Amino acid sequence: MQPLPGFRDFYPETLAVRRHIFAKWREIARRYGFREYDGPPLEPLELFTLKSGDEIVHQLFNFVDKGERAVSLRPEMTPTLARMAGARHRDYKKPLKWFAIPQLFRYEKQQRGRLREHFQFNADIIGETDVAADAELIALAIDSLRAFGLTKDDFVVRVSDRCAWQRHLTSLGIPDDKQGAVFQAIDKMEREPAEKTREKIAAVTPNVDEVLAFPKEDLGELFAKLGDLAAFCEVDFKIVRGLAYYTGIVWEIHDRKGELRAIAGGGRYDNLLKLVGGVDLPALGFGMGDVVLGELLKDRGLLPKLDWGLDASVVIADESLRSAALKLIHDLRDAGVSVDYSLTPAKVGKQFQNASASGAKFAVVVGPEEWAAGEVTLKNLATGEQTRVKRDEVAKRIS
Ligand code: HAM
């Protein structure tokens, strides 16, 4: 049996990479003062058909449950957040700064950087209209990538503004309800032949060249608020974002070489809370997936060496000492030391081999002579250095 297409088995080595990525995300979110939340992985279908936009709706893992409810696995976190924040916004001081690391499900065509499940670091601010909040989120996203050792040479934040786009399209006589179709075409333009993009725009307006001349505005206020981090950013009106709910500044992070799909994307969505949560609160945020990021880190050699975190491997040199050794092992574990040992009798040489292979930092040898003297032998497996240690001091010495 194979996993379903686009779904991953996480063996310990790959799970270690995932944990490394999550740990950095959590650490940077903490530094920026964001609080972690989560919601249900399964939601009413309607939550996602309301305002996410056609593309995501076609990618839903949805079904009718045994209670005849139309439900869907979550393809993104933002509608859930809008509902949650709307329901309890009075309980929190604004602006809310919240983050989550949900697993998300989209029935996409499987390709490099796109799977049918992924984990996505989401950070959002609710209840703030000032552009300082947009800058805060972009800074958080940049620092999240810097935390892995990535630099300006590895990625770029491409910033745009849907308001500027709306003014541009309105000035060309394109009504509000037709602008979404243009955004869809622009969002796909880098991955589709130019003719296809032109065709899609031509279905809305004859002024295709004028549309493709792009808005001519700068984003000076945002860039000023970004300070030094502005060096990671470029104004780029080719970015409009695929999701339908964005209303203001929008941005995506791409690898500099342009080889991979987007690493992150987000923006302002000031109307979604009213629609989903019933309260009129401005909001903005971004999502950063683990798939493209993992590939980029691998390509750049930035994935750390695996450390399983095993402190010691106990070598039982004589089977008559097994129950005494088990007591020692339990005491060490009680003291917070991570310990492994051979569950069944094995030759001493074999136990040492296993100890080295396990990545343990120390071997603790329980042998008859040492034990009689109330001691064990502690061997540093990296240096080979060996000392006799009192039984009740092993934990302290290892720590
Ligand atoms: P999104 O652009 O659809 O935005 O996804 C954000 C990021 O999630 C992408 O840049 C990519 O790294 C990753 N991602 C998306 N789909 C897949 C996939 N099928 N496989 C692997 N990675 C994927 C959103 O989802 C918005 N809800 C983000 C947001 C939060 N906007 C405001 N707050």
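Residues numbered from 1 in each chain as written. Predicted model: local features only at pLDDT ≥ 70, side-chain atom pairs only at ≥ 80, totals over all residues. Heavy atoms only, no water.

The subject of this paragraph is the site of the ligand. The environment of the ligand is formed by 25 residues, the closest being Glu76, Thr78, Glu108, Asp124 and Tyr246. A distance of 3.4 Å is found between a nitrogen atom of the ligand and a backbone nitrogen or oxygen belonging to Phe286. About the coverage of the ligand: the protein hides 96% of its 660 Å² of free accessible area. For the shell around the ligand, the secondary structure elements donating two or more residues are strand S7 (117-126), strand S11 (264-268) and strand S12 (283-289). Considering only residue class, the shell around the ligand consists of 10 nonpolar, nine polar and six charged. (Near = heavy atom within 4 Å. Polar contact = N/O pair within 3.5 Å; in protein donor to acceptor, adjacent residues only side chain to side chain. Areas by Shrake-Rupley, 256 points an atom, 1.4 Å probe, with all protein chains shown as cover. Helix = DSSP H or I, 4+ residues; strand = E, 2+ residues; numbered from the N terminus. Nonpolar A, V, L, I, M, F, W, Y, C, P; charged D, E, K, R; others polar.)

Applying the stated criterion to the full structure yields 33 salt bridges. For Arg26, the salt bridge goes to Glu36, with nearest N and O atoms at 2.8 Å. Placement of the pair is Arg26 in helix H1 (residues 12-31) and Glu36 in strand S1 (residues 35-36), with a sequence separation of 10 residues. The partner of Arg30 in a salt bridge is Glu27, with the nearest N and O atoms 3.2 Å apart. One end of the pair is Arg30 and the other is Glu27, both in helix H1 and three residues apart, which spans about a single turn. For Arg30, a relative accessible area of 54% gives the class exposed. One network of salt bridges, with partners in common, ties together Arg158, Glu190, Asp236 and Lys238. (Salt bridge = Lys/Arg side-chain N within 4 Å of Asp/Glu carboxyl O. Buried < 20%, exposed > 50% of the residue type's maximum accessible area, 1.4 Å probe, protein only.)

Spatially, five strands are ordered S14-S13-S15-S16-S17 in an open sheet, and the strand pairing comes out mixed. The open sheet is flanked by strand S14 (339-341) and strand S17 (386-390), the only strands paired with a single partner. Geometrically, the sheet is characterised by an average inter-axis angle of 30° between neighbouring strands, direction not taken into account. For strand S15 (residues 362-366) and strand S16 (residues 375-380), the ladder comprises four bridges, and the chain directions are antiparallel. (Pairing = 2+ DSSP bridges. Axes fitted to C-alpha atoms, helices over the stretch in contact; angles between N-to-C directions.)

Moving on, we get to the sheet that holds strand S3 (residues 62-64). Consider a sheet: its strands pair through backbone hydrogen bonds, and that pairing is either parallel or antiparallel. As summarised here, the arrangement of the three strands in space is S2-S4-S3, forming an open sheet in which the pairing is antiparallel. Single-partner strands in this sheet number two, and they are strand S2 (42-44) and S3. When the angles between neighbouring strand axes are averaged without regard to direction, this sheet yields 35°. As paired strands, S3 and strand S4 (residues 70-73) are joined by three bridges and run antiparallel to one another. Residue pairing for S4: Phe63 is matched across the bridge by Val71.

The next point concerns the domain arrangement of the chain. Each assigned domain of the chain is listed with its residue range as follows: domain 1 (12-299) and domain 2 (312-398). A C-alpha centroid distance of 51 Å is found between domain 1 and domain 2. (Domains from an automatic or database assignment.)

What follows covers the packing of aromatic side chains. Taken as a whole and judged by the stated rule, the model has 17 aromatic pairs. Ring centres of Phe10 and Phe119 lie 6.2 Å apart, and the angle between their planes is 65°; this geometry places the pair in the edge-to-face category. Taken together, the residues Phe10 in the segment before H1 and Phe119 in strand S7 connect sequence positions 109 residues apart. Considering the side-chain rings of Trp165 and Phe214, the 5.5 Å spacing of their centres and the 65° angle between planes classify their relative orientation as edge-to-face. Linking Trp165 in helix H6 (residues 162-171) with Phe214 in the loop between helix H9 (208-212) and helix H10 (220-226), this pair joins segments that are 49 residues apart in sequence. In this structure, Trp165 and Phe214 share a single accessibility class: buried. The structure contains a cluster of three or more aromatic residues connected by ring pairs, namely Phe10, Phe22, Trp25, Phe99, Phe119, Phe121, Trp251 and Phe286. The side chain of Arg18 reaches across the aromatic face of Phe10, ending 4.5 Å from its centre. Its guanidinium or amino end placed over the ring of Phe232, Lys152 lies 5.3 Å from that ring's centre, counting from NZ or CZ. (Phe/Tyr/Trp six-rings, centres within 6.5 Å; stacked < 30°, edge-to-face > 60°. Lys NZ or Arg CZ within 6 Å of the ring centre and 35° of its normal.)

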